[in-house]
Amino acid sequence: MLVKAIASSQREYFARRWRIGGRVQGVGFRPFVYRLAMAAGIAGWVRNRGGVVEVLGQGTAQQLQRFGVALLAQAPPAARPQLLSEQEILSEASHPGFQILESRAEARSAVHVPPDLFACEECLAELRDPRSRRHRYPFINCTQCGPRYTLIRSLPYDRPNTTMAHFALCPECRAEYGNPLDRRFHAQPLACPRCGPQLHWEPHVADPRPGDDSQHEALRGEAALAACLAALTRGEIVAVRGIGGYHLFCDARSDAAIATLRARKYRPAKPFALMVPWRGRDGLSAVRALAQLSGEEATALCEPSRPIVLLRRRAEAGLPEGLAPGLDELGIMLPYSPLHELLLEGFAGPLLATSGNISGEPVLTDVEEVRTRLEAVADGFLHHDRPIARPADDPVCRRIAGRMRAVRLGRGTAPLELTLSRPIALPTLAVGAYLKNTIALAWEDRCVLSAHIGELDSPRACDVFERTAADLQSLYGVRARRLVHDAHREFPNSRWAQRQGLPARAVWHHHAHASALAGEYACSTPLLCFTWDGLGLGSDGTLWGGEALLGSPGCWQHVASLRAFRLPGGEQAARAPWRSALGLCWSNALAWPAGEAGLDSLLRKAFDRGLNAPSSSAAGRLFDAAAALLGICRDASYEGEAPMRLEALARGAAAAPIELPLECDAAGVWRTDVRPLVPMLLDADRSSAQRAACFHQSLALALCQQAQAVRAAAGITCIGLCGGVFANRLLGEAASERLAAAGFDVLMPERLPANDAAISFGQIVETAATWPASQQGRA
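This section reports on the structure supplied with the text. (Residues numbered from 1 in each chain as written. Predicted model: local features only at pLDDT ≥ 70, side-chain atom pairs only at ≥ 80, totals over all residues. Heavy atoms only, no water.)

So, about the overall build of the chain. On a plain count of helices and strands, the chain comes out with 22 helices and 29 strands. Scaling as 2.2 N^0.38, a compact globule of 779 residues should have a C-alpha radius of gyration of about 28 Å, and the chain matches this with 28 Å. Once the C-alpha set of the chain is aligned to its principal axes, its extents read approximately 90 × 60 × 50 Å. When burial is assessed residue by residue, the chain has 58% of its 779 residues classed as buried. Once local pairs closer than 6 in sequence are excluded, the contacts in the chain between residues at least 24 apart make up 71%. Summing over all exposed atoms, the chain offers an accessible surface of approximately 29,500 Å²; the carbon and sulfur share of this is 51%. Here the chain contributes 85 positive and 79 negative side-chain charges, whose respective centroids are spaced 3 Å apart. (Helix = DSSP H or I, 4+ residues; strand = E, 2+ residues; numbered from the N terminus. Rg over C-alpha atoms; globule rule 2.2 N^0.38 Å. Buried < 20%, exposed > 50% of the residue type's maximum accessible area, 1.4 Å probe, protein only. Contact = heavy atoms within 4.5 Å. Areas by Shrake-Rupley, 256 points an atom, 1.4 Å probe, with all protein chains shown as cover. Lys, Arg positive; Asp, Glu negative; His and termini not counted. Charge placed at Lys NZ, Arg CZ, Asp CG, Glu CD.)

Mapped onto the fold, N357 is located in the loop between β13 (351–355) and α10 (367–373). Reaching out from N357, the side chain makes a polar contact with the side chain of K265 at a distance of 3.0 Å. Beyond its immediate sequence surroundings of up to four residues, N357 is in contact with K265, P362, V363, L364 and L374. (Polar contact = N/O pair within 3.5 Å; in protein donor to acceptor, adjacent residues only side chain to side chain.)

A few words now on the sheet that holds strand β2 (residues 43–49). Sheet strands pair by backbone hydrogen bonding; their relative direction is either parallel or antiparallel. As summarised here, the arrangement of the five strands in space is β4-β1-β3-β2-β5, forming an open sheet in which the pairing is mixed. At either end of the open sheet lies a strand with only one pairing partner, and these are β4 (80–89) and β5 (98–100). Adjacent strand axes in the sheet meet at a mean angle of 15° when their direction is disregarded. Examined bridge by bridge, strand β1 (residues 13–23) and strand β3 (residues 52–60) share eight bridges and lie antiparallel to one another. Bridge pairing links R17 to L56 in β3. Sitting on the sheet, helix α2 (residues 61–73) touches β1, β3 and β4, and the angle it makes with β1 is about 5°. (Pairing = 2+ DSSP bridges. Axes fitted to C-alpha atoms, helices over the stretch in contact; angles between N-to-C directions.)

With that settled, consider the pattern of salt bridges. Following the criterion strictly, the structure yields 47 salt bridges and no others. The closest approach of N and O atoms between R651 and E647, which form a salt bridge, is 3.2 Å. Given a relative accessible area of 5%, E647 falls into the buried group. The shortest N-O distance in the salt bridge between R675 and D673 comes to 2.6 Å. Using a relative accessible area of 33% as the deciding quantity, one classes R675 as partly exposed. Several salt bridges converge on common partners, so that one network encompasses E297, R312, D328, E329, R398, E647, R651 and R729. (Salt bridge = Lys/Arg side-chain N within 4 Å of Asp/Glu carboxyl O.)

Time to look at the pairing of strand β19 (residues 482–486). Note on strand geometry: in a regular strand, side chains alternate between the two faces of the sheet. Burial runs high along β19: five of the five residues are buried. With three bridges connecting them, strand β17 (residues 416–430) and β19 associate as parallel partners. Bridge pairing in β19 links T428 to R482. Relative to strand β20 (residues 504–507), β19 is paired through four bridges, and the arrangement is parallel. Counted as the bridge partner of H485 is A506 from β20. As for the winding sense of the linkage, the β-α-β connection from β19 through helix α12 (residues 492–499) to β20 is right-handed. (Right-handed = clockwise from strand over helix to strand, strands pointing away.)

According to the stated counting rule, one finds twelve aromatic pairs in the structure shown. On the basis of an interplanar angle of 55° and a centroid distance of 5.6 Å, the ring pair of W443 and Y476 is categorised as tilted. You can see W443 sitting in strand β18 (residues 440–449) and its partner Y476 sitting in helix α11 (residues 459–476), a full 33 residues away along the chain. The class of Y476 is buried, set by a relative accessible area of 0%. Ring-pair connections join several aromatic residues into one group, and the members of that group are Y34, F98 and F185. Between the NZ or CZ atom of R306 and the centre of the ring of F118, over which it lies, the distance is 3.9 Å. The cationic tip of R411 hangs over the ring face of Y336; the distance from NZ or CZ to the ring centre is 3.4 Å. (Phe/Tyr/Trp six-rings, centres within 6.5 Å; stacked < 30°, edge-to-face > 60°. Lys NZ or Arg CZ within 6 Å of the ring centre and 35° of its normal.)

L343, L382, L441 and Y476 are the most contacted members of the largest nonpolar core, which has 68 residues in total. In this structure L343 touches L225, C228, L229, V240 and F249, once residues within four positions along its chain are discounted. (Core = buried A, V, L, I, M, F, W, Y, C linked by side-chain atoms within 4.5 Å.)

The next subject is helix α3 (residues 121–128). In an α-helix there are 3.6 residues to a turn, and that puts residues three or four apart on one side. For α3, the complete set of buried residues consists of C123, L124, E126 and L127. When α3 is viewed along its axis, its buried side chains cluster within an angular range of 155° and face the same direction. For α3, the exposed residues set more than 90 degrees away from the buried face come down to E121 and E122. (Arc of directions from axis to C-beta.)

Relative to the elements of secondary structure, T150 occurs in the loop between α3 and α4 (171–178). By relative accessible area, which is 1% here, T150 ends up buried. Polar contacts involving the side chain of T150 include one to the side chain of D116, which spans 3.0 Å. For T150, the residues in contact, after removing those within four places along its chain, are D116, I243, G244, P387, I388, A389, R390 and A392.

In the contact formed by helix α17 (residues 619–629) and helix α18 (residues 641–650), the axes pass within 8 Å of each other and the chain directions differ by 60°. Where α17 crosses over α18, the handedness of that crossing is left-handed. Contacts between α17 and α18 involve F623, D624, A626 and A627 on the former and, on the latter, A642, P643 and L646. Among the residues forming the contact of α17 with α18, the class breakdown is six nonpolar, no polar and one charged. (Left-handed = near helix turned anticlockwise from the far one by under 90°. Nonpolar A, V, L, I, M, F, W, Y, C, P; charged D, E, K, R; others polar.)

Here a disulfide denotes a covalent bond joining the sulfur atom of one cysteine to the sulfur atom of another. In total, this model carries zero disulfides according to the counting rule given. Summary of cysteine pairing: C142 is not part of a disulfide, and the nearest cysteine sulfur, belonging to C120, is at 3.7 Å. When its relative accessible area of 0% is taken as the criterion, C142 is described as buried. In this model C195 remains outside any disulfide bridge; the closest cysteine sulfur is found in C173, 3.7 Å from its own. A relative accessible area of 10% places C195 in the buried class. (Disulfide = S-S within 2.5 Å.)

Keep in mind these values describe shape, not function.
What follows is the structure in structure tokens.
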């Protein structure tokens, strides 16, 4: 409730100025200040100044004190204000009232870019109200909802600097935009059916004729929406342009539609997400009919970012197995835009909703590009004419060890802003990892992390990577003066960094993992960090991925690992778990008859000679081997398929762990011998589920034993678990429980993903600790 005015002409009046930073742009903060001032009887003004909101207030001492408190305490829900300064003004001309001044575009490095917001209840009520002039208008919004990050071209956040600039406001919208007491006062994406963006439907053209525009003649508005719903009802696949890019939609209950989409998109097994209608008092009745739902998961589904939440599926729901083959979880999200609300309401059931892209590439945003690249995938296209400034895929989260943890950053959660406990000497751009790529830009004590870009294995992905690097610097008004990249210098992003003509430095992959976790929690004491992932280049030149690092950013010591084994075919093992299984067996003089049957003898000969068979201690490859030995995934069609199937198989099964031998080698590194796992995994007298569960529990026990061994020598009490392997709920929870029982404090990534998406932030944290400004010219 707004503070109330104190009206007394007998009291002495004062002036005070506040500077407020944080997330105060694009969230209705200036209109909120105006209404607050009017209600409190405060004179003066409010304006944006390079990302900071300045407020000048005149009134009695008591009025100003209450007003200052309310500026933070009663801020709009989407705002995250931070008081930067507050001061008395001794000489200030009297102001007759309160007004909003024009923005000043200076000191842009202080800006905080607002995220895209879900449709608020007030706008949805208008959407459904036949008396409203925005009834069923799919682009309805106000100061508290709608797109932000994906339509801002530059800052400050004013309409001319957005993709809405060419939509001239009609008289009614202009009146709302200019009325300080209206909730659409200065709502930059403001629009209505008369003056704003429109839908248009385009059926698939089987044999397009170059230069013939008539083939793209489209239905518009309600007719376009009706055509889209009719196509979905017929079991067709539709590409729908949303806030941060296109989705591919189809009936989530149709085996035939799902199979068709998999065949057309060349995506044989990777799970698809669902968009489920808002039903019931809390909006989650339809979700509960499909999946089990904890309190934390229910809260996450309704977060402003409306993420995809990974949930245990209900077998009785009867959804097709083809949605997530071999897995017991589904990714589910609620509709977050007015267009989605209309689609879900009209379809009256769950829709499969996957990124509109070629598998593995960033989501598509451009109409012409979608026509070309999804021509063989979609049966129709629901476009709109509001330009998208930059792509933003849907964010993903999962409940692990009692907390919701990020799996992918995207719309509504990126750019993710983090505070550096150790400020960085010079503006620095970190280009991240090869897989699950993100980019981080840091200056002073601030770091902003981009949305998910993905694998840099295609020309388009590399192009989006380069555009994102330029866009982050332009948007925040910060020009990087040095670059940081992965120690693997042949990655495309590493090569790009080395071509830029700026000082560039490499950071070891697993050091970046550990530093990302230390940076997220601002750790001030040493940390023992287990960095388990698929693999990354280690400081000894081998392929790491099952390591424990002791220390803090800038001074990590390698203290524990898993016994290494060789990978026949090298990099090919990443998508061929059977190679990891063979390598695990052959490296330890063990046989795998089922895997060796029909095998080309040249592979074994090359392995015995050490040709293209690098040694690796990667836990991720060990999970691959286990899945192949159990026969549940010999070849992977997507990254992480084998471990995900292994986890699903193990869930619910009870099995005691195997105690794996642990020895300290000549270099002082504790190494766990994983060889006893192989006979267990091949033991046909035990069920596959029991063997999978034993594998998880054995590794959790081995990790805890490594931690205890290091504690005995170093006295460490705080443990970090990071790297993509700890996106595995079963392993993460089993390890956390054992560590806690042994008296350790346990940290796991929460705002950051555990996987390689956090590498760019870790590169920044490591750089802040090791690369002072005086060494800027050295690589």
